[in-house]
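Structural characterization, general
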Amino acid sequence: DTGVSQNPRHKITKRGQNVTFRCDPISEHNRLYWYRQTLGQGPEFLTYFQNEAQLEKSRLLSDRFSAERPKGSFSTLEIQRTEQGDSAMYLCASSPGAAPYDEKLFFGSGTQLSVL
Amino acid sequence: AQRVTQPEKLLSVFKGAPVELKCNYSYSGSPELFWYVQYSRQRLQLLLRHISRESIKGFTADLNKGETSFHLKKPFAQEEDSAMYYCALVPSGNTPLVFGKGTRLSVIA
């Protein structure tokens, strides 16, 4: 499968623990996005990268959240001191070009986080 | 702030009946609009985009700037159209997609 890959598929953690998710985009896609989706809601934008540069962060992204894309390839999303409200599906997407409005976003299958 | 509204959480239609999934947006400029779809056990994927003026799997969507709408239509629904549909917009320039809450379409045989 040469699509966007996300690991792990599921993560169960206790409140207060740190978690890290990984996203491998489609090769040569220079844009990478993180979205969060809760039950009954559409995907909500968290942050995105153009190559290794983090260009925008949503106000949803509290200081407990950090994302990196060190070499412009894979990305990690870390949540520190998890809270029950962090329970959600975390989606990663990538796209090939420079302008988001004229291109397709290719989504991964997501990481389902459950905070107990 | 830009917002996408999909008023129906669930839409059930019979096979062969016309389908219209409603989408309204709030944005003062000229946004680019999209419909994304998620079939059961599959990833979220692009169905169609306003800029391409295309018809995909028999679906079309017309941008109505006066009514700020981008409704998705298909004249004859098929069982395989059953899925979750999300309307989305890019407000301007290099800003990321804003999604609606989605409408679940159920096509009944």
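Residues numbered from 1 in each chain as written. Chains lettered and ligands numbered in written order. Predicted model: local features only at pLDDT ≥ 70, side-chain atom pairs only at ≥ 80, totals over all residues. Heavy atoms only, no water.

For the rest of this paragraph, the subject is the environment of glutamate 54 of chain B. Residue and element names in this part refer to chain B. With respect to the helices, strands and loops of the structure, glutamate 54 is situated in the loop between strand E6 (45-49) and strand E7 (60-64). According to the relative accessible area criterion, glutamate 54 is partly exposed, its value standing at 26%. Between the alpha carbons of glutamate 54 and methionine 84 there is a distance of 20 Å; along the sequence they are 30 residues apart. (Helix = DSSP H or I, 4+ residues; strand = E, 2+ residues; numbered from the N terminus. Buried < 20%, exposed > 50% of the residue type's maximum accessible area, 1.4 Å probe, protein only.)

Turning to the packing of aromatic side chains, a few remarks are in order. What the rule picks out here adds up to 12 aromatic pairs over all chains. Plain terms: the ring middles of tyrosine 35 of chain A and phenylalanine 107 of chain A are 6.0 Å apart, the flat faces sit at 55 degrees to each other, and that makes the pair tilted. Within this pair, whereas tyrosine 35 of chain A is found in strand E4 (residues 31-37), its partner phenylalanine 107 of chain A is found in strand E10 (residues 106-107), the two being separated by 72 residues in sequence. The exposure class assigned to phenylalanine 107 of chain A is buried, which follows from its relative accessible area of 3%. Ring geometry for tyrosine 86 of chain B versus phenylalanine 99 of chain B: centroids 6.4 Å apart, planes at 90 degrees, classification edge-to-face. Here the residue tyrosine 86 of chain B occupies a position in strand E9 (residues 83-90), and phenylalanine 99 of chain B occupies one in strand E10 (residues 98-99), the gap between them amounting to 13 residues. Neither tyrosine 86 of chain B nor phenylalanine 99 of chain B differs from the other in exposure class; each is buried. Joined through ring pairs, the aromatic side chains of Tyr33, Tyr35, Phe45, Tyr48 and Phe107 of chain A together with Phe34, Tyr36, Tyr86 and Phe99 of chain B make up one cluster. (Phe/Tyr/Trp six-rings, centres within 6.5 Å; stacked < 30°, edge-to-face > 60°.)

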